[in-house]
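Listed below are the residues making up each chain.
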Amino acid sequence: MRTLKVAAVQAAPQLIGAAIEPFAAELRSVLAGAPDADVVVFPELHLFGSPADRGDVTSEPESADARNASLRASAQPLDGPLGDSLGALAREAGIWLVPGSVCELGQNGELFNTAVVYAPTGERVASYRKMFPWRPFEPYDPGDRFVVFDVPGVGRLGLSICYDAWFPEVTRHLAWLGAEVVLNLVKTTTDDRAQELVLARANSIVNQVFTVSVNCAGPVGRGRSIVVDPEGHVLDESADTNSDVLLTTIDLDHVTRVRVQGTAGTNRPWAQFADTDAPIELPCTAAGSLRPAGSPSPGPRPLQPR
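Note that the structure is a prediction, hence the values are computed from the model and not measured.

J.: What is the right way to read the environment of Ser225 from this model?
T.: In this structure, Ser225 sits in the loop between β10 (210-214) and β11 (226-228). The spatial distance from the C-alpha of Ser225 to the C-alpha of Phe167 is 19 Å, given a sequence separation of 58 residues.

Take a look at the structure:
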């Protein structure tokens with residue numbers, strides 16, 4: 001069996017600019033309750049919270065401009081001191097660590113909201129820049145590529161960040177690239193978390209993938225993190241905004257079975273085309289089409305070097 005035990009950590013953000021030790025202590029606490037976790041996933045911008053995010057009612061309300069300035073001031077290149085510290089934590093714990101997304105300083109001064117993944121060796125194996133910042137509220141520059149990564153001997157995972165889940169092209173491309181699990185890092189503070197739970201299930205169903213959507217806890221976040229299987233069944237879900245850890249064993253062979261046998265034993269969208277079918281043009285894209293040759297097999301597509 002190709003299984004991963006995933007710990008999805010619904011928690012209030014750490015303070016922006018804080019030393020790494022509070023997060024290290026938090027990670028150790030999670031692992032004390034889940035010592036056999038293979039992957040530990042935190043919410044979007046988990047290391048970049050304001051005092052209000054953590055319920056400090058004595059702090060002055062922060063304007064959007066001040067908040068954006070703080071985020072920009074905190075940004076580092078991925079190979080900066082924060083990245084080094086996160087890699088060391090993954091190596092110390094011997095886990096696949098997704099510490100939420102970070103404020104990445106681009107080579108030309110851009111500000112990216114970037115999900116990062118560290119292997120148990122401490123190596124950074126993937127980074128994904130949020131493709132769909134929540135306009136006009138977020139200050140980030142958009143990313144320009146879909147990102148998947150391999151857990152050797154187990155399978156392939158894809159990355160998305162919060163509002164990305166509202167764009168079906170994101171999960172579809174991750175699945176087309178061979179992702180069997182999509183890690184969706186979230187910081188939803190608004191009333192649309194209910195709709196995002198529907199999207200998590202819908203994206204899983206139409207792409208036949210697992211979805212792990214981990215949101216931040218209260219007082220700022222709306223919680224309700226969720227884990228969904230490739231047929232849209234909810235495997236685990238946080239009922240409220242309280243801090244929580246969803247510890248779920250994911251069987252990636254389930255993806256293969258569903259794509260071969262069909263969702264509910266019926267539907268096989270990845271095998272929809274016959275070789276003789278004409279392409280279906282996609283006029284909503286600049287120059288795209290859905291072609292029989294583009295349909296993936298149940299297994300992952302090979303990664304191309306960049």
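On we go from here.
J.: Mind showing me how you'd approach the side chain of Ser50 here?
T.: Examined against the element boundaries, Ser50 turns out to sit in the loop between β2 (39-41) and α2 (64-74). For Ser50, the residues in contact, after removing those within four places along its chain, are Leu15, Glu62 and Arg67.

J.: Can you walk me through unusual backbone geometry in this structure?
T.: For residues that are not glycine, phi is negative in most cases, and the peptide bond is trans in most cases. Arg135 connects to Pro136 through a cis peptide bond whose omega is 5°. The linkage connecting Gly218 with the following residue, Pro219, adopts the cis geometry, with an omega of 15°. With respect to the helices, strands and loops of the structure, Pro219 is situated in the loop between β10 and β11. Despite not being glycine, Leu45 shows a phi value in the positive range, around 50°. Structurally, the position occupied by Leu45 is in the loop between β2 and α2. The phi dihedral of Ala264 is positive, around 55°, even though this residue is not glycine. If you trace the backbone, Ala264 turns up in the loop between α6 (253-261) and β14 (280-282). Among the residues examined, Ala264 registers a relative accessible area of 65% and is labelled exposed.

J.: Mind showing me how you'd approach helix α4 (residues 168-176) here?
T.: Since the α-helix turns once every 3.6 residues, residues separated by three or four places project in the same direction. Regarding α4, the residues found buried are Val170, Thr171, Leu174 and Ala175. The arc enclosing the buried residues of α4, seen along the axis, measures out at 125°, which places them on a common side. Of the residues trailing α4, Gly178 is marked for its positive phi of about 105°.

J.: I keep staring at the packing of aromatic side chains and nothing clicks. Help me out?
T.: For any pair of aromatic rings, geometry is given as the distance between the ring centres together with the angle between the planes. Scanning all chains against the criterion turns up six aromatic pairs. Ring pairing ties together the aromatic residues Phe132, Tyr163, Trp166 and Phe167, which thus form one cluster. Sitting above the plane of the Phe112 ring, Arg129 keeps its charged end 3.9 Å from the centroid. Over the ring of Trp270 we find Arg172, and its NZ or CZ is 4.8 Å from the ring centre.

J.: Can you walk me through the confidence of the model for the protein in this structure?
T.: Predicted coordinates in regions of low pLDDT should not be interpreted in detail. When pLDDT is averaged along the protein, the result is 91; 92% of the residues meet or exceed 70. Taken together, the stretch residues 302-306 has pLDDT below 50 and engages in six contacts with residues farther than four places along the chain or on a different chain.

J.: Before we go on, may I ask you to explain the pattern of salt bridges in this structure?
T.: Any two side chains of opposite charge can pair, given that their charged atoms come close. Under the criterion given, the structure shown has 15 salt bridges. For Arg28, the salt bridge identified is with Glu92, shortest N-O distance 3.0 Å. In this pair, Arg28 sits in helix α1 (residues 21-33) while Glu92 sits in helix α3 (residues 81-93), placing the two residues 64 residues apart along the sequence. Residue Glu92 is classed as exposed on the basis of its relative accessible area of 52%.

J.: Any chance you could explain the nonpolar core here in plain terms?
T.: When a protein is soluble and globular, its nonpolar side chains tend to lie buried together. Membership of the largest hydrophobic core comes to 42 residues, with the highest contact counts inside it found for Leu4, Val41, Phe149, Leu159, Val181, Leu183 and Val212. Broken down by element, this core gets its largest block of residues, four residues, from strand β9 (residues 181-185). Dropping the residues within four chain positions of it, Val212 is found in contact with Val6, Ala8, Val181, Val182, Leu183, Asn184, Ile226, Val227 and Ile250. Of all hydrophobic cores here, the second largest spans 29 residues; its members include Val9, Val40, Phe42 and Leu111.

Criteria and thresholds
- Residues numbered from 1 in each chain as written.
- Predicted model: local features only at pLDDT ≥ 70, side-chain atom pairs only at ≥ 80, totals over all residues.
- Heavy atoms only, no water.
- Helix = DSSP H or I, 4+ residues; strand = E, 2+ residues; numbered from the N terminus.
- Contact = heavy atoms within 4.5 Å.
- Buried < 20%, exposed > 50% of the residue type's maximum accessible area, 1.4 Å probe, protein only.
- Arc of directions from axis to C-beta.
- Phe/Tyr/Trp six-rings, centres within 6.5 Å; stacked < 30°, edge-to-face > 60°.
- Lys NZ or Arg CZ within 6 Å of the ring centre and 35° of its normal.
- pLDDT = per-residue confidence, 0-100.
- Salt bridge = Lys/Arg side-chain N within 4 Å of Asp/Glu carboxyl O.
- Core = buried A, V, L, I, M, F, W, Y, C linked by side-chain atoms within 4.5 Å.

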